[in-house]
Amino acid sequence: MRLSRRQLLVLGGVGAAGLAVAGKSFSRQFEPMPQTVSEPPKPASQELMLRFVAVADSGAGDQNQFDSANAMANYHKKHPYSLVTLAGDNIYNSGEMERIGIAFEQPYAPLLKQNVRFQACLGNHDIRTANGDPQVQYKNFHMTGRYYTYREKDVQFFVLDTNGNADWKDQMAWLNAELGRSNAPWKIVYGHHPIYSSGHYGTDREMIRKFAPLFKKHQVQLYINGHEHHYERSTSIDGTTYLVTGIGGASLRPVGTSKTTEYSVSRFGFSAIEVYPDRLQIEGIGTDGLVFDRGIIARQAQVAV
């Protein structure tokens, strides 16, 4: 249907008025909002400074240990590393050195041939023979004492004797002094016993009392332990992540979760940690070689205490 000029003028007038009103409403509803321009996030650093493996409760000399050790060797082929932190119960059942072959040298032979260095601490089973002194003296455990420190590039490690008969007074004074003296960007502490745990032994309030204030004061980013026969990665607690990795052999125990748990599972394997200038990356890896957990610890700006 064709409209006359008069009809078009009438409709045009109404349309103009309507559009004027609608335009006013439209401009109110969709008025451009002020834009906030933010800087894009900084890309994660790709400069790998150090890769190492952590395992504990490994020294059973059984198939579970050999499976875990084989997975560590296979991981090494694809992702070379030169350090293993061995967090106690290195020789079951009583730390007897006559079992060092089956409990350590045979399972880890492929890694030892590649000059991978194992840095051990003492577990509760290890001190059943001569209070663990033979293991302290064993060259392939590289222990310079019952507690000691060493540095790898930008990471300083502090190794503890967390057994009940440890020289706690001198050790805690030493730890406080060494942490305070360290200028390493990354500080990692390990010992055999858990501080935070959702497993058989659970969170240890006395260990929290001993260590948590010290870790916060000196900005320790990671604590590694065994004793609990499961894997568990905590949330960041006052700047410290707690990693249970007692999955190297022997037996497993059930694990639950708590308010401090980021991830937990009961399965054999090991933990792999990569260190970058701006973060630590933690992976839980099973005996099948598959990654079952990933977590990141971002490096916080250092704050004077």
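Criteria and thresholds
Residues numbered from 1 in each chain as written. Predicted model: local features only at pLDDT ≥ 70, side-chain atom pairs only at ≥ 80, totals over all residues. Heavy atoms only, no water. Core = buried A, V, L, I, M, F, W, Y, C linked by side-chain atoms within 4.5 Å. Buried < 20%, exposed > 50% of the residue type's maximum accessible area, 1.4 Å probe, protein only. Contact = heavy atoms within 4.5 Å. Helix = DSSP H or I, 4+ residues; strand = E, 2+ residues; numbered from the N terminus. Expected span 1.5 Å × (residues − 1). Polar contact = N/O pair within 3.5 Å; in protein donor to acceptor, adjacent residues only side chain to side chain. Phe/Tyr/Trp six-rings, centres within 6.5 Å; stacked < 30°, edge-to-face > 60°. Lys NZ or Arg CZ within 6 Å of the ring centre and 35° of its normal. Pairing = 2+ DSSP bridges. Axes fitted to C-alpha atoms, helices over the stretch in contact; angles between N-to-C directions. Arc of directions from axis to C-beta.

Labelled according to an unreviewed UniProt entry, the chain appears under the name Metallophosphoesterase, originating from Leptolyngbya boryana NIES-2135.

A.B. asks: How do you make sense of the nonpolar core when you look at a structure like this?
C.D. replies: Generally speaking, soluble globular proteins have nonpolar side chains that are buried together. With 56 residues, the main nonpolar core has F52, M72, F157, Y190, F270 and V275 as its most contacted residues. If near-sequence neighbours (up to four positions away) are discounted, V275 is found in contact with E47, L48, M49, L50, F52, V155, W186 and L280.

A.B. asks: Is there a simple way to explain helix α7 (residues 205-218) in this structure?
C.D. replies: Residues three or four positions apart in an α-helix share a direction because the helix packs 3.6 residues into each turn. Here α7 contains 14 residues, and its C-alpha end-to-end distance of 20 Å stays within 8% of the 20 Å for a straight helix at 1.5 Å per residue. Considered for burial, the residues of α7 that qualify are M207, I208, F211, A212, L214, F215 and H218. Buried residues along α7 sit in contact with α6 (168-181), β6 (186-190), β7 (222-225) and β9 (241-245). Put simply, D204 is the residue that caps the front of α7, since its side-chain oxygen is 3.0 Å from the backbone nitrogen of E206.

A.B. asks: What should I look at first to understand the packing of aromatic side chains in this one?
C.D. replies: Between two aromatic rings, the relevant description is the distance of the centres plus the angle of the planes. One pass over the structure, following the stated rule, counts 22 aromatic pairs. Relative to Y150, the ring of Y148 lies with its centre 6.1 Å away and its plane at 25°, an arrangement referred to as stacked. Classification of Y148 as buried rests on a relative accessible area of 4%. Taking 6.3 Å as the distance between ring centres and 65° as the angle between the ring planes, the aromatic pair formed by Y231 and Y263 counts as edge-to-face. Note that Y231 is positioned in strand β8 (residues 231-234) and Y263 in strand β10 (residues 261-265), a separation of 32 residues in sequence. Given a relative accessible area of 0%, Y231 falls into the buried group. Among the aromatic residues, those joined into a cluster by ring pairs are W168, Y196, F211, F215, Y223 and Y242. Just above the ring of W168 sits the side chain of K210; from NZ or CZ to the centre is 4.6 Å. Seen from the ring of Y276, R279 lies directly overhead, with NZ or CZ sitting 3.9 Å from the centre.

A.B. asks: Help me out: how do you make sense of the sheet that holds β10 in this one?
C.D. replies: Adjacent strands of a sheet form backbone hydrogen bonds with each other and so pair up, either parallel or antiparallel. Across the sheet, 7 strands lie side by side as β4-β5-β6-β7-β9-β8-β10; this open sheet has mixed pairing. Lying at the two open borders of the sheet, with one neighbouring strand each, are β4 (148-152) and β10. Averaged over all neighbouring strand pairs, the angle between strand axes comes to 15°, with direction disregarded. Pairing of β6 with β7 involves 3 bridges; the strand directions are parallel. Across the sheet, I188 pairs through a bridge with L222, a residue of β7.

A.B. asks: Looking at this structure, how should I read α6?
C.D. replies: The end-to-end C-alpha separation of α6 is 20 Å, in line with the 20 Å expected for 14 residues at 1.5 Å each. Turning to α6, its buried residues are W168, Q171, M172, W174, L175, E178 and L179. Seen along its axis, α6 keeps its buried residues to an arc of 160°; they face one direction. The outward face of α6, more than 90 degrees from its buried face, is lined by the exposed residues K169 and R181. Tucked into the core, α6 has its buried residues touching β4, β5 (155-159), β6 and α7.

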